[in-house]
2 protein chains.
Amino acid sequence: MTIFLNVRLTIFRHFDFIWSVPIFDLCNEVTDKFSDMLPYKNLIVIDKKSNVAVYKQLALQFINLIQEGKLLPGAELPSTRTLANDLQLHRKTIMAAYNALVTEDWIDNLPRKGYAVSLRLPVVRPRSYNTNRLGAYKGISSFGFEKLETVIYPSVSLAHSRIVVNDGFPDISILPAEAIIKEYRNVLEYTTLNRIGTEWHAEGSPDFRKSLCTFLNQTRGMDIGMDNLLTSRGAQMAIYLAASLIIQPGDKVVVSDPSYLLASMLFERLGAELIRVPVDEEGMCTVPLEEILKNNDVRLLYVIPHHHHPTTVTLSVQRRNHLLQLIKAYDLAVIEDDYDYDFRYQYDPYLPLASGDHGGNIIYIGSLTKVLGTPFRLGYMIATQEFVQSAAKLRALIDLRGEVLMEQTVTGLIDSGELARHIKKANKLYAQRCDFLSDLINDELSDVVDFTKPTGGMALWLKFKPTFPLSKIVKKAGTMGLAFTGSVYNEDVNGRFNACRFGFASLQEEEMKEAIHILRKSADSLVK
Amino acid sequence: MTIFLNVRLTIFRHFDFIWSVPIFDLCNEVTDKFSDMLPYKNLIVIDKKSNVAVYKQLALQFINLIQEGKLLPGAELPSTRTLANDLQLHRKTIMAAYNALVTEDWIDNLPRKGYAVSLRLPVVRPRSYNTNRLGAYKGISSFGFEKLETVIYPSVSLAHSRIVVNDGFPDISILPAEAIIKEYRNVLEYTTLNRIGTEWHAEGSPDFRKSLCTFLNQTRGMDIGMDNLLTSRGAQMAIYLAASLIIQPGDKVVVSDPSYLLASMLFERLGAELIRVPVDEEGMCTVPLEEILKNNDVRLLYVIPHHHHPTTVTLSVQRRNHLLQLIKAYDLAVIEDDYDYDFRYQYDPYLPLASGDHGGNIIYIGSLTKVLGTPFRLGYMIATQEFVQSAAKLRALIDLRGEVLMEQTVTGLIDSGELARHIKKANKLYAQRCDFLSDLINDELSDVVDFTKPTGGMALWLKFKPTFPLSKIVKKAGTMGLAFTGSVYNEDVNGRFNACRFGFASLQEEEMKEAIHILRKSADSLVK
């Protein structure tokens, strides 16, 4: 009986294809003496244009055949002459490959028999990773990962959607790409690249931190020095670093209700017990917060004062002052997440909490990702020098050297004024889009959703009325080509809100029209 | 009495300077009624070319003055007419700034008195971060950071060194910079940027993982699919992710002696108890390892088979096979750190352990940082699909979206064959430098150091003879302009080795000559 085996051939660097090859004549037991009759001409593909030496390609492909179980221990290989003829290669090349395989004990050169696959190989089993067994990884620490599943792996395929509504991402089409490429080119100059490659600053690139300090002091009414600043891969890493240093398992952490999901999940992963404080039109409610602080030993407060995530409200002056008083009275550790500060459409001059009086208690976290776009992951943490140095050490263990290349590139954008120009331009555009979407929803969907127009940021928080369960709306809209990525708060995830964020900053007016049109149709289909 | 105060002025985006300004007449109490006589013309600097509106610049600078305590509560501000005249601005601009400050409760518009700093402000204390108090951050988790101090903050200034010997970094001068810029430009095209900005793949960019799969299967005799691959910020993050999932406080982790410092520190930070196994000329000694496995409940083995860090030895075939047997027999969790695989100067065809038979137990970690240079932080982890998905979830909590921009750029380099060409070129150059440095040390320093020429990698492991204490040598060399970054194992750090890594890959022959010359002189100075 002849067995046909599907052989996956990977031609160097370019193609994968499947080939049905007759392999063995089977009669009760596998016999290997025919292995030198394997169709090597088909099985082995040499790419002469490749940079890998031909003999190495040959050796590697033999190793693959052995590992895949196509050449079993004891199998005889064709003579160098035969194989050279088959493959149209020089005999010396075949010799070099066989010698390499002998050196590494894959094959033996046997007297009078020629080359054969070694019998002393450990039983090679193909595809060690192609297994579902947990093996040594039974019981790995997957605590807190359950909810992440639905967040990371969305149910609606983006590839098949005409319109994708995100969480509030910037519009990548207005990015000053040429200016970025110019700065990137400067950074790749030998002297710069050599300098940033040799130096190691666990707190982040000094050039970047210097320019960022000036930017932050100017835009946020701060007065910090470089020693107060650590740069990171996006705000998320900064939150991770701060929270990991602060939280011990069992600690109580206060967050708003609702709050930024990935921060809550992270705190829970670190073992925190979350206490939730409501959010209203003036932001986090500080009176119930004070009650909580009186009655609990709270380790950390996580707060988002500007364009709160997900609800988009901004903390009022009264609440801001009350919160600063509480921070002092309870000597409270605080993470202030100010991811969206740079986008304000009315004159809305609330400074960060961190610019107030808090005796160093507030760890201020921000990001340039909302300025430049999601692929540009650049965050930062502002804290006392002592805390920054601890965070830098933890960062070194997680992410040795940080993102010096992007940091240097963006330094150029800050110093040339390009970043400030871009923020100004983006503010103008996003403000228009915020108006447009708000008007559109008021006109088209006022019976379906409630929302309050935010003073800044990149998203609306759409609260669907109870007659319109969000999970059904989203599912229906998905069938009509509208996908939501990001914060959808339905029964699966923080279900009691029946609300979602609708990022307007990256959408053209026509796209917003179509998205609202689809939501309208989804809503109508539920009522019928 | 007139007080002179040093006022730091930050002119927008460019300069910082200190100005001595007479501020208050003090007679027992601070009187603020002269505050409208403050030299605003000097204190406030408007940058008309800036993109920040002039009224905003003005408002922010007033806020700064209030926050710095230069304008105390109740202090009267100059009239709009006076200030307009002083600053040569339109009165409406001053009005806009004052109105903004009133809106935000920084100042009041008092009947018959004009504008004055609000009395209802919380007592603004300048520079909350300029404090040494630990406050809320007493007892933050700095466990395991002690040893990191000397690693992160080196004692010798690099800026004042003529030659810097690193740990084994690639030569950045041979980087295909134009090809990288070309690929970077392609990635910044709207469609690509929009796609990678919209999609979210916690395991890393699918394009990159696909190309990397082919590269790894071809070069390392593996047979993995995309689902087995997670990309990360350098190998360090991959080690962090794997170790964090596996290690619980109190777990026993086996490492070599010596081992890669930052991995050991990370394991200790996670609460592991380290058990150390000696390394000899054939790599990690597997016989004592077997003894350890017999007598201990070992949670994890960390191993570096190729060009072991720091000692540069490669695991022999016998040890490799023994290790694979032990992994199976004890169903052992293993992190294989193969940071340096791509650089081999003799035909040295040992495949990674991960290409062998281990039933999915080996987590294989590698990096492109050694190929492209330290600023290019790109690492990866190979594991079973199940483990990769857990690691992806943890990565999302630490570093939301990963490094898509660089991943896409390097995808282009892999697909065009540029990366393979670069590796080939680098191998040739580094092999020459390895020979050159080895010969040089044999000629010049054989009475001072012992070393074994490695079969690949980017560094020599120089074992100084007992008469030459490394800490003294390094200190003396520092005074002559030679600095070591990276792995110096003297009494401060893993002291019993009196050895250091000498990276040759990035040094010109003249530089190596001078470095060895300085080491010679340092050694001589100790003998005298």
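Look above for the structure.
This section reports on the structure supplied with the text. This structure is a prediction, so every number in the text was calculated from the model and none was measured.

**Side note on the overall build of chain A**
And step 1. If you tally the helices and strands in chain A, you get 18 helices and 18 strands.
And step 2. For chain A, the proportion of its 528 residues judged to be buried stands at 62%.
And step 3. Summed over all atoms, the accessible surface of chain A reaches about 20600 Å², with 51% contributed by carbon and sulfur.

**Re the sheet that holds strand β12 (residues 362-367) of chain A**
All names here are of chain A.
And step 1. Across the sheet, which stays open at both edges, the 8 strands sit in the order β6-β13-β12-β11-β10-β7-β8-β9 with mixed pairing between neighbours. Among the strands making up the open sheet, the edge pair consists of β6 (229-232) and β9 (283-284).
And step 2. In the sheet, β12 pairs with strand β13 (residues 379-382) via 4 bridges, with the strands oriented antiparallel. In the sheet register, Ile-365 faces β13, and the bridge partner there is Met-381.
And step 3. Seen against the sheet, helix α9 (residues 234-246) touches β6, β10 (298-303), β11 (334-337), β12 and β13 and runs at an angle of roughly 160° to β12.

**Describing the packing of aromatic side chains**
Ring pairs (aromatic) are described by centroid distance and by the angle formed between their planes.
And step 1. Counting across every chain of the model gives 14 aromatic pairs over all chains.
And step 2. Residues Phe-62 of chain B and Tyr-98 of chain B carry aromatic rings whose centres are separated by 5.7 Å and whose planes lie at 70° to one another, so their mutual orientation is edge-to-face. Placement of the pair is Phe-62 of chain B in helix α2 (residues 54-67) and Tyr-98 of chain B in helix α4 (residues 91-103), with a sequence separation of 36 residues.
And step 3. Three or more aromatic residues joined by ring pairs form one cluster here, namely Phe-62, Tyr-98 and Tyr-115 of chain A.
And step 4. Its end group placed over the ring of Tyr-341 of chain B, Arg-344 of chain B keeps NZ or CZ at 4.2 Å from the ring centre.

**Notes on the pairing of β10 of chain A**
Put simply, side chains in a regular strand alternate between the two faces of the sheet.
Residue and element names in this part refer to chain A.
And step 1. Within β10, 6 of the 6 residues are buried, leaving the element largely enclosed by the surrounding structure.
And step 2. Where strand β7 (residues 252-257) and β10 come together, 3 bridges link them in parallel fashion. Of the residues in β10, the one forming a bridge with Val-254 is Leu-301.
And step 3. Here 3 bridges tie β10 to β11, and the two strands are oriented parallel to one another. For Tyr-302, the partnering residue across the bridge sits in β11 and is Ile-335.

**A few points about the side chain of Ser-256 of chain A**
Residue and element names in this part refer to chain A.
And step 1. Looking at the element boundaries, Ser-256 is found in strand β7.
And step 2. At a separation of 2.7 Å, a polar atom in the side chain of Ser-256 contacts the side chain of His-308.
And step 3. Other than its neighbours up to four places away in sequence, Ser-256 contacts Val-277, Val-279, Met-284, Tyr-302 and His-308.

Rules and cut-offs
- Residues numbered from 1 in each chain as written.
- Chains lettered and ligands numbered in written order.
- Predicted model: local features only at pLDDT ≥ 70, side-chain atom pairs only at ≥ 80, totals over all residues.
- Heavy atoms only, no water.
- Helix = DSSP H or I, 4+ residues; strand = E, 2+ residues; numbered from the N terminus.
- Buried < 20%, exposed > 50% of the residue type's maximum accessible area, 1.4 Å probe, protein only.
- Areas by Shrake-Rupley, 256 points an atom, 1.4 Å probe, with all protein chains shown as cover.
- Pairing = 2+ DSSP bridges.
- Contact = heavy atoms within 4.5 Å.
- Axes fitted to C-alpha atoms, helices over the stretch in contact; angles between N-to-C directions.
- Phe/Tyr/Trp six-rings, centres within 6.5 Å; stacked < 30°, edge-to-face > 60°.
- Lys NZ or Arg CZ within 6 Å of the ring centre and 35° of its normal.
- Polar contact = N/O pair within 3.5 Å; in protein donor to acceptor, adjacent residues only side chain to side chain.

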